[in-house]
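Each chain is listed here by its residues.
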Amino acid sequence: MSFDHQKYVAFQPVRKADRRWPDQVIERAPTWCAVDLRDGNQALVKPMTVQQKQRLFDLLVKLGFKEIEIGFPAASQPDFDFCRALIEENRIPDDVTIQVLTQAREELIARTFEALEGAPRAIVHVYNSTSTVQREQVFGMDRAGIREIAIQGANWVKRHAESRPDTDWTFQYSPESFTGTELDFAVEVIDAVTAVWRPDQAQRVIINLPATVEMATPNVFADQIEWVCDHIQYRPHVEISVHTHNDRGCAVAAAELAVMAGADRVEGTLMGNGERTGNMDLVTMAMNLYSQGVDPALDLSGMAEITEVVEACTEISTHPRHPYAGELVFTAFSGSHQDAIKKCLARRKEGETWHVAYLPIDPSDVGRRYEEVVRINSQSGKGGVAYVLERDYDITLPRWLQIEFSKLVQREAEENGGEIDSISIHRLFKKHYLGVMPGWELESYDLHRDSEGVVAQVRVGGEGGESLLLEGRAQGAVEAVASALEQRFGIRLAVEAYDEFALGEGTTANALACIRVVVDGQPGSAAALAEDTTSATIQALLSGVSRLVKAGAGSGESVPAAMV
Ligand code: KIV
Ligand code: ZN
């Protein structure tokens, strides 16, 4: 059997008696470093062109990144050329520092400094692999040998930097495959490297701890980070950075817990592109902070532009469920969710903090429209359908009609098998409720009260057909019209419900009336739009009765031909 879990062993947790990070709350954004142009690029089927790199670099700058890893110039000619172009064409803003990666090898470090010649500021990021597996199986080296590679790398970086004093240098070291490295050995190597660089106020040093492969739950990574922070020698002068990959799908969570555990800086990529399952997604982590009321120190309000540029540069499309950025992430199809969202949005007052069920953030903050929030398919309910009619057509439905109409919408959606848009919903509403049958159009009415109640005189006709005067008397206006219809057509008519609504500006009609009638035991509903509420109500009553009469209610004898 090839699907055999016994092939694997559990990651050993960190023994820690003084775990403090679970009680921490992130109250400010870490320093961000975007590695899209290096780690992200290295993972692409088709690496970015210089033009694509420039486009993505410009976006990163626009979003507010102050540290951007732009490539691995010693390993790639396009990366070298891009680095040179940025420097020579003066394209690095004053508040932005470029970072480049190099292995801890002499010739590569020399070439890296060549690429950086003339840069005003730069972070030189040197790495070597320290994990047990890599030591034993890839390099065939013991701990001392691996530590020596790191020390040599640090020395070469220092020497090259000293020979170019016009650039403001920051040194960064990554014990690559940190998550697979014994913690005491990771600290031994980090201390050895920092002893070479001697960080102080004048010499900034970044120690970047990568989850090159995500090997355990995020709490284990947080323990590893806290452990390193507690045990390294130069902690006060060292910036602890984390760089998580997403093999277990928890790269963002691991970075968040790492910040709780003491990390000052986070490396990642926009939308999480990167090796295998990707790097940690900067957009998600920054938006997670934003949704907690923490300034993410990035401007992610133009999410559409972010996804457009990332897609164009990586040639990877954004998943519709991608947190904060996907097409469907602010959309509710389910009826109960739609109901709750509709109620919360209706109660919400401008300027209040955000408390809307099912929406972790206000979609408009990232440039999304409320139109996308409620979309209708066969799983949607009355609330959603009513919300769409009200939002797009200013039509308010009474609850009883919401229930009835949503069943029609559901049937239609089931037949179509997919989403039903707002235009189709409106068309369906018009077809089922607003249509006036030939001969049943209200031409005029007169309602007046005398000592015995209300007298209704209603003239119906239309479309050049014969016009008919109906007369009735009752205690109320609707009842009087109903009585006129009963007498004229020999039917038993009961009005079960009726509601009228004034319509907002921008519509030709001023009123909408909805009515539910029972004619000779058969129920039916109708609605009408008119200039005034009385006309709308009478027309709705006429429409409701006419459909039932056409369907066979009443004697039909006294109904004019045009009406049936
Ligand atoms: O994932 C990784 O370990 C890296 C390092 C080079 C930092 O990308
Ligand atoms: Zn990486």
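Residues numbered from 1 in each chain as written. Chains lettered and ligands numbered in written order. Predicted model: local features only at pLDDT ≥ 70, side-chain atom pairs only at ≥ 80, totals over all residues. Heavy atoms only, no water.

As for the overall build of the protein
- Per the secondary structure count, the protein includes 17 helices and 14 strands.
- In summary, the protein has a C-alpha radius of gyration of 35 Å against a globular reference of 24 Å for 564 residues, an excess of more than 25%.
- Based on the C-alpha atoms only, the size of the protein along its principal axes is roughly 110 × 55 × 45 Å.
- Put simply, the protein has 564 residues, and 53% of those count as buried.
- Here the analysis covers contacts within the protein between residues at least 6 apart in sequence; of these, 67% occur between residues at least 24 apart.
- When the accessible surface of the protein is summed, it comes to about 25800 Å², and 48% of that surface belongs to carbon and sulfur atoms.
- Computing the positive centroid from 54 side-chain charges and the negative centroid from 83, the protein places the two 3 Å apart. (Helix = DSSP H or I, 4+ residues; strand = E, 2+ residues; numbered from the N terminus. Rg over C-alpha atoms; globule rule 2.2 N^0.38 Å. Buried < 20%, exposed > 50% of the residue type's maximum accessible area, 1.4 Å probe, protein only. Contact = heavy atoms within 4.5 Å. Areas by Shrake-Rupley, 256 points an atom, 1.4 Å probe, with all protein chains shown as cover. Lys, Arg positive; Asp, Glu negative; His and termini not counted. Charge placed at Lys NZ, Arg CZ, Asp CG, Glu CD.)

Concerning the packing of helix α2 (residues 50–63) against helix α3 (residues 77–88)
- Contact pair α2 / α3: the axes reach a minimum separation of 10 Å and the direction vectors enclose 50°. The pairing of α2 with α3 is recorded here as oblique in orientation. The crossing of α2 and α3 is right-handed. Here V50, K53, Q54 and F57 of α2 come into contact with α3, specifically with P78, D79, F82 and L86. (Axes fitted to C-alpha atoms, helices over the stretch in contact; angles between N-to-C directions. Parallel < 35°, antiparallel > 145°, perpendicular 65-115°, else oblique. Left-handed = near helix turned anticlockwise from the far one by under 90°.)

Quick look at the site of ligand 1
- The local shell around ligand 1 consists of R38, D39, L101, H125, S174, E176, N208, P210, T212, H243 and H245.
- A distance of 3.1 Å is found between an oxygen atom of ligand 1 and a side-chain nitrogen or oxygen belonging to H243.
- A total of 260 Å² of accessible area belongs to ligand 1 in isolation, and the protein chains cover 94% of it.
- Every element with two or more residues in the shell around ligand 1 is listed here: α1 (36–42), β5 (168–176) and β6 (205–211).
- Here the residues of the shell around ligand 1 sort into 2 nonpolar, 6 polar and 3 charged. (Near = heavy atom within 4 Å. Polar contact = N/O pair within 3.5 Å; in protein donor to acceptor, adjacent residues only side chain to side chain. Nonpolar A, V, L, I, M, F, W, Y, C, P; charged D, E, K, R; others polar.)

Here we look at helix α10 (residues 282–290)
- The element α10 is largely enclosed, with a buried count of 7 among its 9 residues.
- Looking at the packing, one finds that the buried side of α10 touches β1 (31–34), α1, α9 (251–260), β8 (265–268) and α11 (303–314).
- A side-chain oxygen of the first residue of α10 lies 2.9 Å from the backbone nitrogen of V283; this N-cap is D281.

Here's the deal with the sheet that holds strand β10 (residues 453–461)
- What the 3 strands build is an open sheet, ordered β9-β10-β11; its pairing is antiparallel. Single-partner strands in this sheet number two, and they are β9 (441–450) and β11 (468–474). The mean inter-strand angle of the sheet, taken between neighbouring strand axes irrespective of direction, is 15°.
- Sheet topology note: the β10/β11 ladder contains 7 bridges and is antiparallel. Bridge pairing in β11 links V455 to R473.
- Seen against the sheet, helix α16 (residues 477–489) touches β9, β10 and β11 and runs at an angle of roughly 125° to β11.
- Sheet strands touched by helix α17 (residues 533–550): β9, β10 and β11. Its angle to β9, the strand with the most contacts, is close to 115°. (Pairing = 2+ DSSP bridges.)

What to know about the pairing of β8
- The two faces of β8 match: R265 and E267 on one face and V266 and G268 on the other face are all buried.
- Across 4 bridges, the pairing between β1 and β8 is parallel. The residue bridging W32 from the neighbouring strand is V266, located in β8.
- Taken together, the 3 bridges between strand β7 (residues 238–244) and β8 define a ladder with parallel strand orientation. Residue pairing in the sheet places S241 in a bridge with R265 of β8.
- As for the winding sense of the linkage, the β-α-β connection from β7 through α9 to β8 is right-handed. (Right-handed = clockwise from strand over helix to strand, strands pointing away.)

Structural notes on the packing of aromatic side chains
- On inspection of all chains with the given rule, the structure shows 9 aromatic pairs.
- Measuring from ring centre to ring centre gives 6.4 Å for F178 and F221, while their planes differ by 75°; the resulting arrangement is edge-to-face. With a gap of 43 residues between them, F178 in the loop between β5 and α7 (183–197) and F221 in helix α8 (residues 218–231) connect regions that are remote in the sequence. Residue F178 shares its accessibility class with F221, and that shared class is buried.
- Cluster of aromatic residues (ring-pair linked, three or more members): F405, F429 and Y433.
- Geometry around F80 places R111 over its ring, the cationic atom sitting 3.6 Å from the centre. (Phe/Tyr/Trp six-rings, centres within 6.5 Å; stacked < 30°, edge-to-face > 60°. Lys NZ or Arg CZ within 6 Å of the ring centre and 35° of its normal.)

Overview of the pairing of β10
- Most of β10 sits out of view: 7 of its 9 residues are buried.
- Bridge analysis of β9 against β10 gives 9 bridges, and the strand direction is antiparallel. Note on β10: the bridge partner recorded for H448 is V455.
- Connecting β9 to the antiparallel partner β10 that follows it, the hairpin turn spans 2 residues.

Details of a nonpolar patch on the surface
- Taken together, V138, F139 and M141 make up a surface patch of nonpolar side chains, about 260 Å² in accessible area.
- On the secondary structure map, M141 appears in the loop between α5 (132–139) and α6 (143–162). (Patch = residues over 30% accessible without salt bridge, like charges linked within 9 Å, V, L, I, M, F, W, Y side chains within 5 Å. Salt bridge = Lys/Arg side-chain N within 4 Å of Asp/Glu carboxyl O.)

Looking at the pattern of salt bridges
- Tallied over the full model, the rule gives 36 salt bridges.
- Across the salt bridge formed by D79 and K53, the nearest N and O atoms sit 2.7 Å from each other. Of this pair, D79 sits in helix α3 while K53 sits in helix α2; the two residues are 26 residues apart in sequence, bridging distant segments of the chain.
- Salt bridges here are not isolated pairs; linked through shared partners, they connect K16, D18, R20, E226 and D230.

Limitation: the analysis is restricted to geometry and does not speak to function.
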